[in-house]
Each structure stands twice: as structure tokens, then as C-alpha cells.
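Inside the fold
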Amino acid sequence: HLIAAGHEALVVTPATGKPPVLRAATTNVERLPSLPLPIWKEYRLTWGLSSRARARMKVFRPTVVHIAVPDLMGHAAQRWAIKRGVPCK
């Protein structure tokens, strides 16, 4: 919806080893190392935000950060946003 409305997006997501399912070729994607959980293989566990992801976020300069899952990566992204005064949803 954002891209269709003319906005840019940076998606920070766990790497799965498979091509991402994105509907817009213009979407910027940063994939983080991850492992599947043994009891829930669809869920990928990351270890927060990598320095590369933080650098890309800084350059991207988001006006809002959306946290899809409140896990280690989600909490790290929330801390990053709060520290910079970026609204977090």
C-alpha cells in the first residue's frame, strides 16, 4: 500500500535462503541472518539489528518504523527509532 501511494519503504527481515515475496521491485530489503525455531519453522529468529541494517536505516531516514513482531529484531528496531525520535508503530 505504501509503495502504491508513492512512498518508499525499507524492509528489514530475517533471511530465509529463499527469494523474498515482494510485490514491488523498488522495495529496499535488508536481510538479517536468522535461524528457524524447531517448533515453529515459519518463524525465523534474529539477533537484533546488524550494524549494516542500522546503517541502512540511518541513510534511509524513515519517518515511521513499523514493528511486525516484538522479538529481538523488533525491540532493537524500536530502540533505534526511539533514540532518533522516529514514531514506532
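Everything discussed here concerns the structure shown above.
The shown structure was predicted, so the numbers you read here are calculated from the model rather than taken from an experiment. (Residues numbered from 1 in each chain as written. Predicted model: local features only at pLDDT ≥ 70, side-chain atom pairs only at ≥ 80, totals over all residues. Heavy atoms only, no water.)

**Brief notes about a nonpolar patch on the surface**
Using the following cut-off: Like-charged residues are merged into a patch within 9 Å and nonpolar side chains (Val, Leu, Ile, Met, Phe, Trp, Tyr) within 5 Å, provided each residue has over 30% relative accessible area and no salt bridge. Exposure was quantified through the Shrake-Rupley algorithm and a 1.4 Å probe, taking into account, for residues, occlusion by the shown protein chains and nothing else. A carboxyl oxygen of Asp or Glu within 4 Å of a side-chain nitrogen of Lys or Arg is what we treat as a salt bridge. Think of it this way: any DSSP run of H or I at least four residues long counts as a helix, any run of E at least two long counts as a strand, and we number them from the N terminus. Think of it in three bands: with a 1.4 Å probe and only protein chains considered, a residue is buried below 20% of the maximum accessible area for its type, exposed above 50%, and partly exposed in between.
Taken together, the side chains of L35, W47 and L72 present a nonpolar region at the surface, about 340 Å² in accessible area. Along the chain, the position of W47 falls in the loop between β4 (40–45) and α1 (51–60). What makes W47 exposed here is its relative accessible area of 54%.

**Points about the packing of aromatic side chains**
To describe a pair of aromatic rings, one takes the distance between the centres and the angle between the planes. Heads up, the condition is: Ring geometry is summarised as follows: Phe, Tyr and Trp rings, the Trp one being its six-membered ring, pair when their centres sit within 6.5 Å, and such pairs are stacked at plane angles under 30 degrees, edge-to-face over 60 and tilted between the two.
Going through the model one piece at a time under the given rule, you end up with 1 aromatic pair. Judged by centre distance (5.0 Å) and plane angle (15°), the rings of W40 and Y43 are stacked. Note on W40: relative accessible area 47%, which makes it partly exposed.

**What to know about the nonpolar core**
Most often, soluble globular proteins have nonpolar side chains that are buried together. To keep it simple, the criterion reads: Nonpolar core, defined: a set of buried Ala, Val, Leu, Ile, Met, Phe, Trp, Tyr and Cys residues in which side-chain atoms within 4.5 Å join the residues together. Contacts are assigned to residue pairs that have any heavy atoms within 4.5 Å of one another.
In terms of nonpolar packing, the biggest core is built from 13 residues, with L49, V65 and W80 touching the most fellow members. Of all the secondary structure elements, the ones that give two or more residues to this core are α1 and α2 (72–83). The element best represented in this core is α2, accounting for 5 residues. Ignoring sequence-local partners within four residues, the contact set of L49 consists of V12, L32, R54, M57, M73, A76, A77 and W80.

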